[in-house]
Amino acid sequence: MSLYAWGANSYGQLGLGYKSEEEISPKEISLKGSELNARDIVCITGGAGHTLILDCHGFVYCCGWNSKGQLGLSDDTVKLTQIEILKEFKIVEISCGWDFSAAVSECGKQFVWGNNQYTQLGLSKSITCTGIPSRLQVSQKLATGFKKVSCGLRHSAMITKERGLLVAGTGAKGQLGLGDNFDDNNYLSITRLPELEDVISVASGQNHTLALRENGTVLSWGENKFGQLGIAPNVASSFIPLEVFCLEGLENVYAGWTHSAAITRNGEVYTWGRDTYGQLGSPRDVPSKPEKIRTLDKVRQLSLGSEHNLAVTTDNKLYTWGWNEHGGCGTGDKKEVRTPTQILDNRSVRLAFACTGSSFAVLN
C-alpha cells in the first residue's frame, strides 16, 4: 500500500519533505525511514497548515506548521514525525482545529495541544498555547471519559463516554449551543450541553456544530449565513441546538467550514449549506435543505475539508468535488469541481481524507 497527498503545501503539511504553494496532482509520500506504514493508517486530519496521521497501533504522526505548538513537537517539520509524548497511550481518535489539535485514547483520556487563546482546548484561560499534549481533566459530573472529538476554527466539541456533549472555545457565533445570553468571559473553559443525550457523531465547522443522535436526529447550532445549519439563511445564527433533519439509518455527520453532510449506513450522502464552489456536489434550488447527492451512492467513507470533499465507494473508487483553488480536489488543475468526479481512476483506494486545503489517500 502507498500514501498519496495533494493540495496546499505552503507549510509542508503534505509530508512530502518540502514546502510548495500547492500540488495539483496526487504525489506519493515516501515513508522510507519512517515507522509509519501506509497499510496501518486509519485516520488523517489537518488544520490551517498542519497534519496529523493516526495508525492502527495508536501512534500519531504529524507534519507542517507549528506556530502555536499544534504539532506537539518543539519545531516545524516537513516530514511525518511521531509525537513521542503520546506513544504510551493507544490513541483511537484525532482532530485538528485551525491551529490546535486533540486526540482521544482507547481508555477515554483526551489530550489537547496548540492554540488555547479562545479556550478551544478546554484548558485554563491562563494557558494561551501549549506544544505539549496535555490531558484534559474534567469533573466526574461532566464526564467519566471521552469517545470522540471534533475541532473547528476556534471551538471544539467532544462526545463523552455517557454519550453527552461537552464544548469548549469561543461561542460568539453560537457554535457552543449554550444560549443567546452566552458570554465568552463568563463561562468555564469547558461546558456540558444540557439535555443533549445519545450523541453518536459530532462535527465542528468554522463557526457551526452538528450532532447526530442515535435515533437519526441531526441537531445543529451556530452561524447559518449559508444555510449550513440546515435551515433557511434568513435565520443568521442559532445559539441553541435545533432539530433540522431526521432519518433512520444515519450513521455520521460532517462539517466543512460552511457546509454540512450526513451519511447513511447504506452509503447515501446528504449535503446542505454553502455551494459557492460546488461543495454540495449537486445543483440545488434550496441549498439549506439537506438533500441526497443522487449521482453518488454506496459510499463507505466520506471526508469533508474546509470547502472540498472526498468519498470512497464500496468498489474502492475515489470521488472529489468542491473548492479547488490549491488543487485540493486532485484533478490536475485548479477549476472548481461542481459534481463528484472520479480521480486516481486506475487505482484501488482504501481510504481518503480531506483536510483544510489538502487531501490524502491510502492506495491498495
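Residues numbered from 1 in each chain as written. Predicted model: local features only at pLDDT ≥ 70, side-chain atom pairs only at ≥ 80, totals over all residues. Heavy atoms only, no water.

- As recorded in an unreviewed UniProt entry, the protein chain goes by RCC1-like domain-containing protein and comes from Dendroctonus ponderosae.

**Regarding the overall build of the protein chain**
Link 1 in the chain: In terms of helices and strands, the protein chain carries 0 helices and 28 strands.
Link 2 in the chain: Relative to its length of 364 residues, the protein chain is compact, with a C-alpha radius of gyration of 19 Å against a globular reference of 21 Å.
Link 3 in the chain: Taking the principal axes of its C-alpha atoms as reference, the protein chain extends roughly 50 × 50 × 30 Å.
Link 4 in the chain: Out of the 364 residues belonging to the protein chain, those deemed buried represent 59%.
Link 5 in the chain: Intrachain contacts of the protein chain at a sequence separation of at least 6 include 50% that bridge at least 24 residues.
Link 6 in the chain: By element, 46% of the accessible surface of the protein chain is carried by carbon and sulfur atoms, the whole surface being about 14500 Å².
Link 7 in the chain: Of the charged side chains in the protein chain, 35 are positive and 37 negative, and the gap between their average positions amounts to 2 Å. (Helix = DSSP H or I, 4+ residues; strand = E, 2+ residues; numbered from the N terminus. Rg over C-alpha atoms; globule rule 2.2 N^0.38 Å. Buried < 20%, exposed > 50% of the residue type's maximum accessible area, 1.4 Å probe, protein only. Contact = heavy atoms within 4.5 Å. Areas by Shrake-Rupley, 256 points an atom, 1.4 Å probe, with all protein chains shown as cover. Lys, Arg positive; Asp, Glu negative; His and termini not counted. Charge placed at Lys NZ, Arg CZ, Asp CG, Glu CD.)

**Points about the layout of surface pockets**
Link 1 in the chain: Roughly 1000 Å³ of internal volume is contained in the largest pocket.
Link 2 in the chain: As for the largest pocket, its lining consists of 43 residues, of which Cys-43, Ile-94, Tyr-254, Leu-302 and Ser-303 are closest to the centre.
Link 3 in the chain: Of all the secondary structure elements, the ones that give two or more residues to the lining of the largest pocket are β3 (41–46), β7 (91–96), β11 (146–151), β15 (199–204), β19 (250–255), β23 (299–304) and β27 (349–354).
Link 4 in the chain: The class makeup of the residues in the lining of the largest pocket is 23 nonpolar, 16 polar and 4 charged. (1 Å grid on protein atoms, 1.4 Å probe; cavity = no way out; pocket = protein on both sides within 12 Å on 5 of 7 lines; lining within 4 Å. Points joined across faces, edges and corners; volume = space filled by probe spheres on them. Nonpolar A, V, L, I, M, F, W, Y, C, P; charged D, E, K, R; others polar.)

**Quick notes on the packing of aromatic side chains**
Link 1 in the chain: Summed over the entire model, instances satisfying the criterion amount to 6 aromatic pairs.
Link 2 in the chain: Measuring from centroid to centroid gives 5.3 Å for Phe-245 and Tyr-270, while their planes differ by 50°, and the two rings are tilted. One end of the pair, Phe-245, is in strand β18 (residues 237–246); the other, Tyr-270, is in strand β21 (residues 269–273), and 25 residues separate them in sequence.
Link 3 in the chain: On the accessibility criterion, Phe-245 (14% relative accessible area) is buried.
Link 4 in the chain: Cluster of aromatic residues (ring-pair linked, three or more members): Phe-245, Tyr-270 and Trp-272.
Link 5 in the chain: Arg-274 extends its terminal NZ or CZ atom over the ring of Phe-226, reaching a point 4.3 Å from the ring centre. (Phe/Tyr/Trp six-rings, centres within 6.5 Å; stacked < 30°, edge-to-face > 60°. Lys NZ or Arg CZ within 6 Å of the ring centre and 35° of its normal.)

**Section: the nonpolar core**
Link 1 in the chain: Counting 19 residues, the largest nonpolar core has Leu-3, Ile-29, Ile-41, Ile-44, Ile-53, Leu-80 and Phe-360 as its most contacted members.
Link 2 in the chain: Where this core is concerned, the elements lending two or more residues are β1 (2–9), β3, β5 (60–64), β27 and β28 (358–363).
Link 3 in the chain: Those residues within four positions of Ile-44 in sequence are excluded, and the remaining contacts are Leu-3, Thr-51, Leu-52, Ile-53, Phe-353, Cys-355 and Phe-360.
Link 4 in the chain: In this structure, Ala-102, Val-112, Cys-151 and Leu-166 belong to the second largest nonpolar core, which totals 15 residues. (Core = buried A, V, L, I, M, F, W, Y, C linked by side-chain atoms within 4.5 Å.)

**Quick look at the UniProt feature "repeat: RCC" (unreviewed entry) in the protein chain**
Link 1 in the chain: In the UniProt entry, the feature "repeat: RCC" (unreviewed entry) is given for residues 1–57, 58–107, 108–162, 163–215, 216–266, 267–315 and 316–364.
Link 2 in the chain: End C-alpha atoms of residues 108–162 are separated by 11 Å, and the span's content is 0% helix alongside 45% strand. (UniProt positions renumbered as here; feature names shortened; annotations may be inferred.)

**A look at unusual backbone geometry**
Link 1 in the chain: At Arg-163, a residue that is not glycine, the phi angle is positive and equals roughly 65°.
Link 2 in the chain: Here Arg-163 shows up in the loop between β12 (155–160) and β13 (165–169).
Link 3 in the chain: At Leu-344, a position not held by glycine, the phi torsion is positive, near 50°.
Link 4 in the chain: Within the secondary structure, Leu-344 is located in the loop between β26 (337–343) and β27.

**With respect to the side chain of Thr-320**
Link 1 in the chain: Note on placement: Thr-320 falls in strand β25 (residues 318–322).
Link 2 in the chain: Polar side-chain contacts of Thr-320 include one of 3.2 Å to the backbone oxygen of Cys-329.
Link 3 in the chain: If near-sequence neighbours (up to four positions away) are discounted, Thr-320 is found in contact with Asn-309, Leu-310, Cys-329, Thr-331, Val-337, Thr-339, Pro-340, Thr-341 and Ile-343. (Polar contact = N/O pair within 3.5 Å; in protein donor to acceptor, adjacent residues only side chain to side chain.)

**A look at the sheet that holds β27**
Link 1 in the chain: With antiparallel pairing, 4 strands are arranged side by side in an open sheet as β2-β1-β28-β27. On the outer flanks of this sheet lie β2 (20–28) and β27, each paired with one strand and no other. Across the sheet, the mean angle from the axis of one strand to that of its neighbour is 15°, orientation sign disregarded. (Pairing = 2+ DSSP bridges. Axes fitted to C-alpha atoms, helices over the stretch in contact; angles between N-to-C directions.)

**Overview of the pattern of salt bridges**
Link 1 in the chain: What the rule picks out here adds up to 13 salt bridges.
Link 2 in the chain: Of the charged contacts, one joins Lys-292 and Glu-268 as a salt bridge, the two residues approaching to 3.1 Å between their closest N and O atoms. Separated by 24 residues along the polypeptide, Lys-292 in strand β22 (residues 291–292) and Glu-268 in the loop between β20 (259–264) and β21 bring together distant segments of the chain.
Link 3 in the chain: We classify Lys-292 as partly exposed; its relative accessible area is 24%.
Link 4 in the chain: Judged by its relative accessible area of 22%, Glu-268 is partly exposed. (Salt bridge = Lys/Arg side-chain N within 4 Å of Asp/Glu carboxyl O.)

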